[in-house]
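Below are the chains, spelled out letter by letter.
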Amino acid sequence: REEAEAALRELREVVRPLREPGYGEALRRKAERARKRRLRLQRRKHEARAAKEEEAARAAEREAKIDQWRAKCIQEVEEKNRERELKAAADSVLSEVRKKQADTKRMMDVLRGLEKLRKLRKEAAARKGVCPPPSADEAFESQVESLKMLLKTRTELYEAEERALRVMLEGEQEEERKREMEKKLKKEREKLLQQKLEMDSKLFGDPAEFPLAHLLQPFRDYYLQAEHSVAALIRIRHEWDQYLVPADHPEGSCIPPGWVLPSLPTSDTWATAVR
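Just so it is clear, the structure is predicted and the values come from calculations on it, not from any experiment.

**Section: the nonpolar core**
No. 1: In this structure, Ala90, Leu94, Val97, Tyr158, Leu165 and Leu169 together form the largest nonpolar core, which totals 6 residues.
No. 2: Taken together, the elements giving at least two residues each to this core come down to α2 (23–127) and α3 (134–204).
No. 3: Among residues more than four places away in sequence, those in contact with Val97 are Tyr158, Glu161, Glu162 and Leu165.

The structure is reproduced here in structure tokens:
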């Protein structure tokens, strides 16, 4: 019995706070705080995971751009190396051809020197009364003429090789000039496209901030209608022509050659409206 009464008293002590006024409300607030804390932790965990995924995506995008840039650089270096090797090989062959031409010219000079030397020796021998037989002259002249024909053939062959190499080098240089011109034109097109995007962003807003781009399509159709309709072009041009005035006219100004960009906001209120 004493044990039962002790257990009953203990139970009453435990239950007593539940009978106090406001205990239920405090318990409810505590549970609400715990729930909010749990939701807050879950939200922070979700935000941290989303931030981590976004950072991973940005890192992957940066890595992809770096890989693309590296591949482009490697390709440009390889192309330049191939061009350099081809030019070096062509220069080497051209140098070899020129060396052969120089050797041929030197051999022709040697033949002329031999002819001149034989003529001088023949004249000296004639003054002494010694005359070589006609067969010796014929043999010498035949051998010299044969060597001249051989050297002439080689000279023509080397000249043809030089012309072919020069044509090849000129063609390679022309291709290089074309590639440089294409790169320059591509950069200019990209620059003009970037300027157009910036201008469109200032006039029509940033496309990234307006995913529903089709909402602006009627406005674009209105401003670009002259590009698709001759009648619209004539009508718009007629309307513009009504306001054509000289640049120094006191009551007007000439039509600007391009878009009239909006000026920067002059107050914070205006800036918030623009944003």
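**Remarks on a positive patch on the surface**
No. 1: A cluster of basic side chains, namely Lys72, Lys80, Arg84, Lys183, Lys186, Lys187 and Arg189, defines a positive patch on the protein surface.
No. 2: Counting residues per element, the ones that place at least two in the positive patch are α2 and α3.
No. 3: Looking at the positive patch, the element that brings in the most residues is α3, giving 4 residues.
No. 4: Tracing the backbone shows Arg84 in helix α2.

**Side note on the pattern of salt bridges**
No. 1: Evaluated as defined, the whole model comprises 11 salt bridges.
No. 2: The residue Glu55 makes a salt bridge to Arg58 at a minimum N-O spacing of 2.7 Å. On the criterion of helical spacing, the pair formed by Glu55 and Arg58 is a turn pair, its members being 3 residues apart in helix α2.
No. 3: Classification of Glu55 by relative accessible area gives partly exposed; the value is 34%.
No. 4: Note on Arg58: relative accessible area 35%, which makes it partly exposed.
No. 5: A salt bridge links Glu55 to Arg62; its shortest N-O distance comes to 3.3 Å.
No. 6: Residue class for Arg62 comes out partly exposed when judged on its relative accessible area of 43%.
No. 7: Shared partners join several salt bridges into a network, and the residues in it are Glu54, Glu55, Arg58 and Arg62.

**So, the confidence of the model for the chain**
No. 1: Here the chain averages 78 in pLDDT, while 84% of its residues score no lower than 70.
No. 2: Ranking the elements of the chain by mean pLDDT puts helix α1 (residues 2–19) last with 70 and helix α5 (residues 230–241) first with 85.

**Some remarks on α5**
No. 1: For α5, which comprises 12 residues, the first-to-last C-alpha distance of 16 Å matches the rise-based estimate of 16 Å (1.5 Å per residue) to within 8%.
No. 2: A side-chain oxygen of the first residue of α5 lies 3.5 Å from the backbone nitrogen of Ala231; this N-cap is Ser229.

**Overview of the UniProt feature "coiled-coil region" (unreviewed entry) in the chain**
No. 1: UniProt records the feature "coiled-coil region" (unreviewed entry) at residues 171–202, using the numbering of this structure.
No. 2: Between the first and last C-alpha atoms of residues 171–202 the distance is 46 Å; the span itself is 100% helix and 0% strand.

**Things to note about the side chain of Thr104**
No. 1: Tracing the sequence through the fold places Thr104 in helix α2.
No. 2: The contacts of Thr104, once residues within four sequence positions are left out, are Leu151, Arg154, Thr155 and Tyr158.

**Overview of a nonpolar patch on the surface**
No. 1: Together, Phe219, Tyr222, Tyr223, Leu224, Trp259 and Leu261 make up a nonpolar patch on the protein surface, roughly 640 Å² of accessible area in all.
No. 2: Looking at where Leu224 falls in the secondary structure, it is placed in the loop between α4 (217–223) and α5.
No. 3: Residue classification places Leu224 among the partly exposed residues on the basis of a relative accessible area of 32%.

**Focus: the packing of aromatic side chains**
No. 1: Enumeration according to the criterion identifies 1 aromatic pair in this entry.
No. 2: With centroids separated by 5.3 Å and ring planes inclined at 80°, the aromatic side chains of Tyr222 and Tyr223 adopt a geometry described as edge-to-face.

Rules used in this analysis
- Every chain begins its residue count from 1, and numbering advances along the sequence as written.
- Selection of residues for local features in this predicted model requires a pLDDT of at least 70, selection of side-chain atom pairs for listing and counting requires 80 or more, and totals for whole chains, interfaces and linings are taken over all residues.
- Values shown for side chains rest on all heavy atoms present in the structure; no hydrogens or waters enter the calculation.
- As used here, the term nonpolar core means buried Ala, Val, Leu, Ile, Met, Phe, Trp, Tyr and Cys residues forming a set that is joined through side-chain atoms within 4.5 Å.
- For every residue, the accessible area obtained with a 1.4 Å probe (protein chains only) is divided by the maximum for its type, and the residue is called buried under 20%, exposed over 50%, and partly exposed between those limits.
- Put simply, DSSP H or I for four residues or longer makes a helix, DSSP E for two residues or longer makes a strand, and each gets a number counted from the N terminus.
- Only heavy atoms matter for contacts: two residues are in contact if any of them lie within 4.5 Å across the pair.
- Like charges are joined within 9 Å and nonpolar side chains (Val, Leu, Ile, Met, Phe, Trp, Tyr) within 5 Å, but only among residues with over 30% relative accessible area and no salt bridge; these make up the patches.
- Surface accessibility in these figures is a Shrake-Rupley result with a 1.4 Å probe; residues are shielded only by whichever protein chains are displayed.
- What makes a salt bridge here is a side-chain nitrogen of Lys or Arg within 4 Å of a carboxyl oxygen of Asp or Glu, nothing more.
- Charged-residue counts in this description rest on Lys and Arg as positive and Asp and Glu as negative, His and the chain ends being excluded.
- A charged residue contributes its charge at one atom only: NZ of Lys, CZ of Arg, CG of Asp or CD of Glu.
- Per-residue confidence from the prediction method is given by pLDDT, with values spanning 0 to 100.
- For a helix, the expected span equals 1.5 Å multiplied by the residue count minus one.
- Whenever two N or O atoms come within 3.5 Å, that pair is a polar contact, provided that in protein one can donate a hydrogen and the other can accept it, and provided that, for residues adjacent in sequence, both atoms are side-chain atoms.
- UniProt positions are given in the numbering used here, feature names are shortened, and annotations may be inferred rather than shown by experiment.
- Two aromatic rings from Phe, Tyr or Trp, using only the six-membered ring of Trp, form a pair when their centres are within 6.5 Å; if the ring planes differ by under 30 degrees the pair is stacked, by over 60 it is edge-to-face, and anything between is tilted.

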